[in-house]
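Single-letter residue listing:
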Amino acid sequence: MDTIFALASAAGKAGVSVIRISGSKSLNIAAQMGAALERHDRKLVKLAGTDGVLIDEAFALSFAPGRSFTGEQVVEFQTHGSIAVVTAVLDQLEVLGLRPAEAGEFTRRAMENGAMDLARVEGLADLIDAETESQRRQAIRVFQGDLGDLAAAWRTKVVRAAALLEATIDFVDEDVPVDVYPEVKSLLSDVADDVVREAEGVAIRERVRDGFEIALIGPPNSGKSTLLNRLAGREAAITSDIAGTTRDVIEVRMDLNGLPITVLDTAGRRNSLDELEQIGIKRGLDRAQAADVRVHLSPTGKFEVSDCKDGLDLFVASKADLFDAQTEFSISAVTGQGVNELLDEIQRFLSTQVASAGVATRKRHQVSLQTAGRALQIVLDSLDDNLVLTDLLVDDLHQAIRALDSLIGRVDVENVLDEIFSSFCIGK
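Before going into details, it helps to say that this report is about the structure given with it. Model, not experiment: these values are computed from the prediction. (Residues numbered from 1 in each chain as written. Predicted model: local features only at pLDDT ≥ 70, side-chain atom pairs only at ≥ 80, totals over all residues. Heavy atoms only, no water.)

So, about the side chain of arginine 20. As for its placement among the helices and strands, arginine 20 is situated in strand β2 (residues 16-22). Judged by its relative accessible area of 9%, arginine 20 falls in the buried class. Side chain to side chain, arginine 20 and glutamate 76 meet in a polar contact 3.0 Å long. (Helix = DSSP H or I, 4+ residues; strand = E, 2+ residues; numbered from the N terminus. Buried < 20%, exposed > 50% of the residue type's maximum accessible area, 1.4 Å probe, protein only. Polar contact = N/O pair within 3.5 Å; in protein donor to acceptor, adjacent residues only side chain to side chain.)

Dropping the structure here:
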C-alpha cells in the first residue's frame, strides 16, 4: 500500500502537533528530512526540507510493524504546533512523494492489518465523538474489545455444537458412542439467551451514543419554555403570556451528570384555528410519543393524559411560585424550586436503563445478533424433531456463526466500511 501521512492532532494553533506517517517508506522519508530512525526508536531531531533549510526542532518516534496503531511501519513527528510549521512539514512530505491520508485511512489499515476488529473501530469512532462521561465509558468498553470477546466466546460454543452434530452425520451408519444432543442444547441455550439479551439492549446503548430525549408537554403557558431556558442556562426559547408562542419543537442538548440528553420544548396542546400552530402541535406530539421521558406540565396540577407510550411519564405542577398544587413534583422554573429534584428523578430512570443494557451499540450489531438468535432458536426447537435432518441444523448453526463473525468484521461488512470510516477525521 501507499505510504500515507496526515496531521493526527487537531488542526490550528497548539503547543504541540502530531504528524503521522504510515507505510513501508516511512523510515526512508523521515531520514531525508533529517530524522534518521531505527524501526522502533525515538529521538530529538532537526527537520529540514529538500533545500536543507531548517523547518523545526521536533521529537520523532518510530513504531515497528506489528507494534504500531496501523500495524505498519509508522513514524510520528511531534512538532511545535504553529500553523506555519505544520504546513511546512506536510508540504515537504508531499514533495517527497507521499500521499495525504483519506478520512479514517489509518484506522482502516489497522483493521486490514489485524491490529483492530470492526467492533473496536466503531468503539474508537464513538470514543472520539464522546461528549459525556457515559458516552466515554460505553465507547471505551467497545474499543477495548468487550464486544469482540463476547462474540468470540459465543462463536466457540456454537462451533463446538456444530462439530458435535457433524459427528453424528459422519457416523450415520454406526453407533455414536455418546448422545451429543444434551451438550448441544446446553451450549446453544446459553448463547441464545445471551444473544437475545444483548440485542434487546442495543436501543438503550444507541440512546447513550446519540442522546436521550426529554419532552416537555402541556397546555399553552404551562411553563415549558421557561423550564427549558432554566435547564439550558440561556434564552433558548421565547417566553410570553401569549398562547401559541412556540410553533415548532425547540431542542437543547445537555449533559445530565454524564448522560447525554436533548430537551424538547413542544407547542402547547390546545384547539387552534391557526394552521401553523396545528402543525407545530402535531410535530410536538409525535416527538413526545417517541421520547424516553415525557414531563407533563400543568400550572394547577390537573392533567388530562391518555397517550402515554414507552418510557417514563412525570406529572409536574409547573408554577409552584403561584399555585399550591399537591402533586409528586411541584416546580417553579422561575425560582428553581423543585427543578433539581425533577432532574434527579429523570437521571435515576435513565441510569437504570443504561445499567441493564449490554455492550452492543449499533443497529448493525442488533441485526447480526438477531440473525444469530433466530438461527440458534430454530436449531433448539428442532433438536427433538426426528423429521428434521441434522444437515439442516448444521447449516443453521453455520448461519449463526457467520452472523457472529460479522459483528467483528470477519464477513459480510464491506457495505458498511465506507460509511464507518468516512465518519473519522483525516488524521485517524
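This next bit is on the packing of aromatic side chains. Across all of its chains, the model carries zero aromatic pairs by this definition. Residue placement shows arginine 20 over the ring face of phenylalanine 106; its charged tip is 5.2 Å from the ring centre. (Phe/Tyr/Trp six-rings, centres within 6.5 Å; stacked < 30°, edge-to-face > 60°. Lys NZ or Arg CZ within 6 Å of the ring centre and 35° of its normal.)

What follows concerns unusual backbone geometry. At asparagine 257, a residue that is not glycine, the phi angle is positive and equals roughly 50°. By the element assignment, asparagine 257 lies in the loop between β8 (250-256) and β9 (259-265). Accessibility expressed as a relative area gives 59% for asparagine 257, which makes it exposed.

Attention now moves to the sheet that holds strand β7 (residues 212-217). Strand order in the open sheet formed by six strands is β8-β9-β7-β10-β11-β12, and the pairing between neighbours is mixed. Looking at which strands have only one partner, the edges of the open sheet turn out to be β8 and β12 (329-330). Strand direction decides the pairing type here: β7 and strand β10 (residues 293-298), joined by four bridges, are parallel. Residue pairing in the sheet places leucine 216 in a bridge with valine 295 of β10. Its contacts with the sheet put helix α9 (residues 224-232) on β7, β8, β9 and β10, and the angle it makes with β9 is roughly 150°. (Pairing = 2+ DSSP bridges. Contact = heavy atoms within 4.5 Å. Axes fitted to C-alpha atoms, helices over the stretch in contact; angles between N-to-C directions.)

Let's shift gears to the pattern of salt bridges. What the rule picks out here adds up to 24 salt bridges. Between arginine 137 and glutamate 133 there is a salt bridge whose closest N-O contact spans 3.6 Å. Here glutamate 133 and arginine 137 lie together in helix α5 (residues 133-143), a separation of four residues that amounts to about one turn. Under the relative-accessibility criterion, arginine 137 is labelled partly exposed at 45%. Glutamate 133 gets classed as partly exposed once you look at its relative accessible area, which sits at 35%. Residue aspartate 194 is joined to arginine 197 by a salt bridge in which the shortest nitrogen-to-oxygen separation is 2.5 Å. Of this pair, aspartate 194 and arginine 197 both sit in helix α7 (residues 181-200), three residues apart, roughly one helical turn. (Salt bridge = Lys/Arg side-chain N within 4 Å of Asp/Glu carboxyl O.)

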